[in-house]
Amino acid sequence: MSARESGLEDTGIQISEATVSDFFALLKPRVMALAVFTAFVGLMVAPGVMNPVIAVIAIGAIAVGAGAAGALNMWYDADIDALMSRTSKRPIPSGRVTPGEALGFGLVLSVLSVITLGVLVGWLAAALLAFTIFFYVVVYTMWLKRSTPQNIVIGGAAGALPPVIGWAAATGAVGIESLILFLIIFLWTPPHFWALALFKIGDYAAAGIPMMPNVAGQASTRKQVFVYSLILAPIGVLPWAFGFASGFYGIVSAALGAGFIWHAWKLLVDKRRVEGWEMKRAKALFAYSIFYLFAIFAVLLADTIVLRAVMSAGN
């Protein structure tokens, strides 16, 4: 029954037609999954043993906070999302969720996540979560994204903070180890998103977003992607170099870094195109970059679990 048929439209009362799946889509579940996973690794790698119930609450609050940031990002970016093929079917531009609903949803989840994390886990972790939401929504989404081709370089700090939050939740402090995990994600972000921007350059041009390929050109972007890959590869090995991962992690992370460099090199030297902007090498690097980050954190997590099991057995 429609609002008019129920008589509610005449009273000025509107009933949302959004479904649960629409609101879930506002949370950017794939981005949220990455934040949750890296936060969980940061929590697990941290020294000491955390109460399992508190750990679950911490990860849950971080997940809600990450989703809240995604909802607020979609609220603000609804105008440009409608112009890009990659985002035009999101809940707001497609009309399934109103901007007001998305804004309220994001604000409520933001406050809920930060307060929950602060009261039940620790206020340092809560402060870091609040800063992450603020940085992603205000600094990146509202300012950097539309004003500078360095948007994703600086804005990448927001996506790199979850392991630091997880570490802080477990220890009540920020250790050098968590900052290394931050650095891995921070340096991974530009080549990951610039690879996407290369084969979606038309979308960003239509929306007026100054992504690096649109501003500096494709050749310059390819070079910068390669330079970042050269920096990222050795940084990925630092957990072993700083002693909080085994030699096995060191070997695997070095191999993964070499794979990243190889893909970036092929992107740099292979100028072939497939169907206009759809560039095969850029797509390959984009896909590999996702695999790289999940793999390197998964190996670190497994490495930590095995090392602790061995130490426990030895005691």
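See the structure printed just above.
K.L.:
Is there a simple way to explain a nonpolar patch on the surface in this structure?
P.N.:
A surface patch of nonpolar side chains, about 410 Å² in accessible area, is lined by Tyr-76, Phe-131, Phe-134, Val-138 and Met-142. Top element by residues in the nonpolar patch is helix 7 (residues 123-143). It accounts for four residues. Mapped onto the elements, Phe-134 comes out in helix 7.

K.L.:
Mind showing me how you'd approach helix 3 (residues 29-45) here?
P.N.:
Three- or four-residue spacings in an α-helix give side chains the same orientation, since the helix completes a turn every 3.6 residues. For helix 3, spanning 17 residues, the distance from its first C-alpha to its last is 24 Å, which sits close to the expected 24 Å at 1.5 Å a residue. Met-32, Leu-34, Ala-35, Phe-37, Thr-38, Ala-39, Val-41, Gly-42, Leu-43 and Val-45 are the residues of helix 3 that are buried. In this structure, the buried residues of helix 3 make contact with helix 2 (20-26), helix 4 (52-76), helix 9 (162-171), helix 10 (176-199) and helix 16 (280-314).

K.L.:
Would you take a moment to explain the packing of aromatic side chains for this structure?
P.N.:
To describe a pair of aromatic rings, you give the distance between the ring centres and the angle between the ring planes. Taken as a whole, this structure holds twelve aromatic pairs when the rule is applied. The interplanar angle of 10° and the centroid separation of 5.7 Å between the aromatic rings of Phe-182 and Phe-186 together place this pair among those described as stacked. Remark: Phe-186 and Phe-182 occur in helix 10; sequence separation between them is four residues, near one turn of the helix. Here a set of aromatic residues connected by ring pairs shows up, and it is made of Phe-260, Tyr-288, Phe-291 and Tyr-292. Directly above the aromatic system of Phe-199 lies the positively charged group of Lys-283, at a separation of 5.8 Å from the ring centroid.

K.L.:
Help me understand the pattern of salt bridges, please; the structure alone is not making it clear to me.
P.N.:
Two side chains with opposite charge may pair up if their charged atoms get near one another. Counted according to the given criterion, the structure contains five salt bridges. Note that Lys-145 and Asp-77 form a salt bridge whose closest N and O atoms lie 2.7 Å from each other. Here Lys-145 is found in the loop between helix 7 and helix 8 (151-160), whereas its partner Asp-77 is found in the loop between helix 4 and helix 5 (78-81), with 68 residues between them in sequence. Take Lys-145 and Asp-77: they sit in the same class, and that class is buried. For Arg-90, the salt bridge identified is with Asp-81, shortest N-O distance 3.1 Å. For Asp-81, a relative accessible area of 1% corresponds to the buried category. Salt bridges sharing partners connect three or more residues here, namely Asp-77, Asp-79, Lys-145 and Arg-146.

What counts as what
- Going along each chain's sequence as written, the residues are numbered from 1 onward.
- The model is predicted, so local features are restricted to residues of pLDDT at least 70 and side-chain atom pairs to those at 80 or more, both for listing and for counting; the totals for chains, interfaces and linings are taken over all residues.
- Computation of side-chain values: all heavy atoms of the structure, hydrogens and water removed.
- In this analysis, a patch consists of residues with relative accessible area above 30% that form no salt bridge, clustered at 9 Å for like charges and at 5 Å for the nonpolar side chains Val, Leu, Ile, Met, Phe, Trp and Tyr.
- For the area figures, the Shrake-Rupley method with a 1.4 Å probe applies, and any residue is considered shielded solely by the protein chains shown.
- For this document, the term salt bridge refers to a Lys or Arg side-chain nitrogen within 4 Å of an Asp or Glu carboxyl oxygen.
- A helix here means a DSSP run of H or I that spans at least four residues, while a strand means a run of E at least two residues long, and both kinds are numbered starting from the N terminus.
- Multiplying 1.5 Å by the residue count of a helix minus one yields the expected span of that helix.
- The buried label goes to any residue with under 20% of its type's maximum accessible area, the exposed label to any with over 50%, and the partly exposed label to all in between, with areas taken from a 1.4 Å probe on protein chains only.
- Contacts: residue pairs with any heavy atoms within 4.5 Å of one another.
- Each pair of aromatic rings taken from Phe, Tyr and Trp, with Trp reduced to its six-membered ring, is defined by centres within 6.5 Å and is described as stacked if the planes are under 30 degrees apart, edge-to-face if over 60, and tilted in the remaining cases.
- Counted as over-ring charges are cases with an Arg CZ or a Lys NZ within 6 Å of the ring centre that also lie within 35 degrees of the ring normal.

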